Amino acid sequence: MVSFQLTDEQTAIRDLARKFTQKEIVPVAAEYDEKAEMPWPVIQKAFEIGLWNLNIPEKYGGQGLDALTQVLIYEELAYGCLGIFGAFGGNALAVTPLLIAGTEEQKEKFLTPFCAKPSLAAFALTEPNAGSDVSNLATTATRKGDEYILNGTKCFITHGGIADLYTIFASTDKTKGTKGISAFLVPGNTPGLYMGKKEDKMGDRASHIGEVIIEEVRVPASNLLGREGEGFKIAMRTLDITRPSIGAAALGVARRAFEEALKYSKERVQFGKPISANQAIQFMLADMATGIECARALVWKAAWHIDQGKPNTMLSAMSKCYASDMAMKVTVDALQIFGGYGYMKDYPMEKLMRDVKITQIYEGTNQIQRMVIASQLLR
Ligand code: CAA
């Protein structure tokens, strides 16, 4: 039976996120974009009203929300600002390996203090020569007695250099490729863990992306997630869970661009009539609205599969890929409807277009998503 009926709880928290976005995110989005700063006051307020740590179970101090409820919230937050959503999404991504592969002891030890205050987590997988090709990781982890010693450099890491907790992927056996990768929990204050370059980005500017330098970082062997060699699969299973959230965020940006363009098209008068009277504009609006509906259905289905424990690798990749491609096109077309005004910083359109580009790239480029989809189809 197919039902698109949200529960009362889901509707209530979606509405809470919508109000929060209107009150706390929309008014400050342009300012954070300009300054490229972490939106700490927004995070603090989200923490206070229960919109932070959405995917962490309640017993550790999180909200314990299912995947479908999370994507409802992410659509709303990104409607206000994709960069500000980035803090929420970056944290969710970084703690997912611990949620899926951690022991009860590790969860209690790392998540309970993490949730006691507004903390940041970082998923440290990407490296200068290991972006799409995760198997090419150069970061190493060498076992010495009861410790591992980590060395390497990570790049393009959300919360890189400022996180309280890192999930670092490193090679424990270079001869084994993906089967030689392991995942480690590393507290942010561990000696030898430094922030490298903070990236200056085209869009998504309220989200902190930085380089992480790892020099002789020693962690107890008990910080290994799962077993040695399981890191690659943990990373892939993590991305299966989090990619629909990127789809949801792209959807939020697309909905914002569409709503702005729809409103403007009814107000802007040229040749003695609103531009919405022109079929050329109407067709663009019709395509935008259709794309948004399709993407939402796919994002919800991918999230529902996660909640049902059903295989979701393909649907997660599809939802991220389709929603972000759709959102890129919607923001370009929406800006076109604004004409010259859309290109100016006085209107929100150029920011939406700059911001949404990253959703086609992070958590795996859309070319990688198509590889994942095709490999599932051809299995
Ligand atoms: N779940 C479980 N296991 C999986 C899996 C999944 N989704 N995908 C692959 N595996 C398993 C395979 O079954 C295989 O195991 P066996 O050998 O035991 O059968 C093993 O992992 C290796 O799989 P592949 O041969 O398919 O691996 P590959 O080297 O060909 O790589 C890839 C596949 C899809 C290209 C993968 O490397 C990939 O997803 N790359 C993109 C990485 C990515 O998304 N990076 C983004 C980082 S996060 C970020 O951007 C956020 C930020 O902070 C800014």
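Fair warning: this is a prediction, and the values are worked out from it, not measured in the lab. Counting from 1, residues in each chain are numbered in the order their sequence is written. Per-residue local features of the predicted model are confined to residues with pLDDT of at least 70, and side-chain atom pairs are confined, for both listing and counting, to 80 or more; whole-chain, interface and lining totals are unaffected and use all residues. Side-chain measures here rest on the full set of heavy atoms in the structure, leaving out hydrogens and waters.

Asker: Got a minute to help me understand empty space enclosed by the protein in this structure?
Answerer: To find leftover empty space, a probe the size of one water molecule is rolled over the atoms. A cavity here means a set of 1 Å grid points, computed over protein atoms only, where a 1.4 Å probe fits but cannot escape. A pocket is an open set with protein on both sides within 12 Å along at least 5 of 7 lines, and lining residues have an atom within 4 Å of a point. Grid points are joined across faces, edges and corners, and a volume is the space filled by probe spheres set on the points. Considering all chains together, one arrives at 1 cavity of 30 Å³ or more under this definition. Its volume calculated, the largest cavity comes out at about 60 Å³. Lining the largest cavity are Leu51, Trp52, Asn53, Leu54, Asn55, Tyr74, Phe88, Asn91 and Ala92. Secondary structure counts use DSSP, requiring at least four H or I residues in a row for a helix and at least two E residues in a row for a strand, with both numbered from the N terminus. Sort the elements by how many residues they give to the lining of the largest cavity and helix α5 (residues 82-101) lands first, with 3 residues. Here the residues of the lining of the largest cavity are counted per class, giving 6 nonpolar, 3 polar and no charged. Amino acids outside the nonpolar list (Ala, Val, Leu, Ile, Met, Phe, Trp, Tyr, Cys, Pro) and the charged list (Asp, Glu, Lys, Arg) are all regarded as polar, and Gly is one of them.

Asker: Teacher, can you tell me more about the layout of surface pockets here?
Answerer: Estimated volume of the largest pocket: approximately 1200 Å³. In this structure, the largest pocket is lined by 46 residues; those nearest its centre are Thr126, Ile361, Tyr362, Glu363 and Gly364. Put simply, the parts of the chain that give the lining of the largest pocket at least two residues each are α5, β1 (121-124), β3 (147-158), α7 (231-267) and α12 (366-377). Lining the second largest pocket are 24 residues, with Asn55, Gln70, Leu99, Ile241 and Ile306 sitting closest to its centre. Elements that contribute at least two residues to the lining of the second largest pocket include exactly α4 (67-80), α5, α7 and α8 (279-308). Considering every element that reaches the lining of the second largest pocket, the biggest residue donor is α7, with 6 residues. For the lining of the second largest pocket, the class distribution of residues is 13 nonpolar, 7 polar and 4 charged.

Asker: Would you take a moment to explain the environment of isoleucine 281 for this structure?
Answerer: Tracing the backbone through its elements, the reader meets isoleucine 281 in helix α8. Exposure classes here rest on a 1.4 Å probe applied to the protein chains alone. A residue is buried below 20% of its type maximum, exposed above 50%, and partly exposed in between. Classification of isoleucine 281 by relative accessible area gives buried; the value is 13%. When the C-alpha positions of isoleucine 281 and lysine 19 are compared, they lie 30 Å apart, and in sequence the two are 262 residues distant. Any two residues whose heavy atoms approach within 4.5 Å are treated as being in contact. When residues no more than four places from it in sequence are discounted, the contact partners of isoleucine 281 are Ser265, Ile275, Ser276 and Ile337.

Asker: Could you clarify how one ought to interpret the environment of asparagine 55 in this entry?
Answerer: Of note, asparagine 55 is situated in the loop between α3 (40-48) and α4. Spatially, the C-alpha atom of asparagine 55 lies 17 Å from that of alanine 235, the residues being 180 residues apart in sequence. Dropping the residues within four chain positions of it, asparagine 55 is found in contact with Gln70, Ala92, Val95, Thr96 and Leu99. From its side chain, asparagine 55 meets the backbone oxygen of alanine 92 in a polar contact 3.2 Å long. Side chain to side chain, asparagine 55 and threonine 96 meet in a polar contact 3.4 Å long. Polar contact is the term for a pair of N or O atoms within 3.5 Å; when the atoms are in protein, one must be able to donate a hydrogen and the other to accept it, and sequence-neighboring residues count only if both atoms are side-chain atoms.

Asker: In this structure, what is going on with the packing of α4 against α7? I would like to understand it.
Answerer: Axis angle and axis distance: for two packed helices, these are the angle between their axes and the distance between the axes, and together they describe the pair. With their axes 7 Å apart at the nearest point, α4 and α7 run at an angle of 45° to one another. Judged on the interaxial angle alone, α7 and α4 are oblique. Seen along the crossing, α4 lies across α7 with a hand that is right-handed. Seen from α4, the contacting residues are Val71, Tyr74, Glu75, Glu76, Ala78, Tyr79 and Gly80; seen from α7, they are Pro244, Ser245, Ala248, Ala249, Leu251, Gly252, Val253, Arg255, Arg256 and Glu259. Between the N-to-C directions of two axes lies an angle of 0 to 180 degrees, each axis being a line fitted to C-alpha atoms and, for a helix, fitted only over the stretch in contact. Oblique is the label for any angle not under 35 degrees, not over 145, and not in the 65 to 115 range, which are roughly parallel, roughly antiparallel and roughly perpendicular in turn. Definitions for this section: a left-handed crossing has its near helix turned counterclockwise from the far helix by less than a right angle. A right-handed crossing has that turn clockwise.

Asker: Got a minute to help me understand the site of the ligand in this structure?
Answerer: Throughout this document, a residue counts as near a molecule or strand when at least one of its heavy atoms sits within 4 Å of that molecule or strand. Taken together, 24 residues lie around the ligand, and Ser132, Lys179, Lys233, Asp240 and Arg243 are the ones closest in. Residue threonine 158 places a side-chain N or O atom 3.0 Å away from an oxygen atom belonging to the ligand. The separation between an oxygen atom of the ligand and a polar side-chain atom of lysine 179 is 2.4 Å. Only β3, α7 and α12 provide two or more residues apiece to the shell around the ligand. Element by element, the count of residues in the shell around the ligand is highest for α7, at 7 residues. When the residues that make up the shell around the ligand are grouped by side-chain class, the tally is 11 nonpolar, 7 polar and 6 charged.

Asker: Hey, could you run me through α7 in this one?
Answerer: Side chains of residues three or four places apart in an α-helix project in the same direction, reflecting 3.6 residues per turn. Counted at 1.5 Å a residue, the expected span for α7 with its 37 residues is 54 Å, and the 54 Å between its end C-alpha atoms agrees. Its maximal kink placed at isoleucine 241, α7 deviates by approximately 35°, while the proline proline 244 follows within four residues. In this scheme, a helix's expected span is set at 1.5 Å multiplied by one less than its residue total. The quantity called bend is, for any residue, the angle between two axes fitted respectively to the seven residues ending at it and the seven beginning at it.

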